[in-house]
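Residue-level listing of the chains:
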Amino acid sequence: MTSTSEPPAPFWNLETELSSVLLVLAGFVGAAAYTHSEGYFVTFMTGNTERAVIGGFLGDRGFALGAMGLILCFLGGVFVGSVFRRWRWWGNHPHGSTVLATIALAAAAVLDWILYAHEADLGLVPILFVSFGMGILNTSFVRNGEVAIPVTYVTGTLVKFAQGVERHLLGGGTHREWLGYAVQYLSFALGALLGGLVSLVVDGRDMLEAAVVASAIVAAYTWRADVRWVRRQERA
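Everything numeric here is computed off the predicted structure, so don't read it as measured data.

## Section: the packing of helix H3 (residues 61-86) against helix H5 (residues 124-137)
Packed helices, taken two at a time, are described by the angle their axes make and the gap between the axes.
Okay, so step 1: Orientation of H3 relative to H5, taken along the N-to-C sense of each, is 35°, at an axis distance of 6 Å. Remark: the crossing between H3 and H5 carries right-handed chirality. Contacts from Gly66, Gly69, Leu70, Cys73, Phe74, Gly76, Gly77, Val78, Val80 and Gly81 in H3 reach Leu124, Ile127, Leu128, Ser131, Phe132, Met134, Gly135 and Ile136 in H5.
Okay, so step 2: Residues belonging to the contact of H3 with H5 are distributed by class as follows: 11 nonpolar, seven polar and no charged.

Laid out in structure tokens, this is it:
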């Protein structure tokens, strides 16, 4: 009797490709913000939460308030990106969120010139806009109303990777249980590596502009992939 079961979908598909590119971008922007600010995280809300709470006990209330501001802006980005998707300002593909994240990064660069005269280190206000943009970027992949691939949630990615390895080794699963999470983690790490390398050759005052250029390139890439993405969703 011939089996009627469908063959498994190929591992490397358009979603994997797009998510890898966005994870590289997130890692790059996070590195750019961290290396040329007062150590603020724009992709690591766990660290910001600890700083917001512990900063008060250490007597650094300004830093604690800054960390809280980053959390609120990140949440605002997720909220705005979700509202735009709900109102169908863009379809179920990453292009719209990437464009809006690029606009937020560009606004941060402009504010850096206006408020801080393009000094060597980025001030808090531009970093708040960067955090807002990273929140929006996390709404790029949504299934059934929930974020399917949170592009800055590396801790969760590592947890799922380890669980997938366990299922593969002990639960009868396959490499598909963990390979996707490994690619996501390595993509983010690659972005951080690229951000660190660029920071060695680009003046600190220009790292934010470098992040804007990188985000604009990724936005153009997602626009090129837009038609293929929509067709894939229609066939699903």
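Next comes the rest of the account.
## Here's the deal with the packing of helix H4 (residues 95-116) against H5
Okay, so step 1: One way to put it is that H4 packs onto H5 with a least axis distance of 8 Å and a crossing angle of 180°. Judged by the inter-axis angle, H4 sits roughly antiparallel to H5. Residues Ser97, Thr98, Leu100, Ala101, Ala104, Leu105, Ala107, Ala108, Leu111, Asp112, Leu115 and Tyr116 of H4 pack against Leu124, Val125, Pro126, Phe129, Val130, Phe132, Gly133, Ile136 and Leu137 of H5.
Okay, so step 2: Grouping the amino acids of the contact of H4 with H5 by side-chain chemistry returns 17 nonpolar, three polar and one charged.

Rules behind the numbers
Residues numbered from 1 in each chain as written. Predicted model: local features only at pLDDT ≥ 70, side-chain atom pairs only at ≥ 80, totals over all residues. Heavy atoms only, no water. Axes fitted to C-alpha atoms, helices over the stretch in contact; angles between N-to-C directions. Helix = DSSP H or I, 4+ residues; strand = E, 2+ residues; numbered from the N terminus. Left-handed = near helix turned anticlockwise from the far one by under 90°. Contact = heavy atoms within 4.5 Å. Nonpolar A, V, L, I, M, F, W, Y, C, P; charged D, E, K, R; others polar. Parallel < 35°, antiparallel > 145°, perpendicular 65-115°, else oblique.

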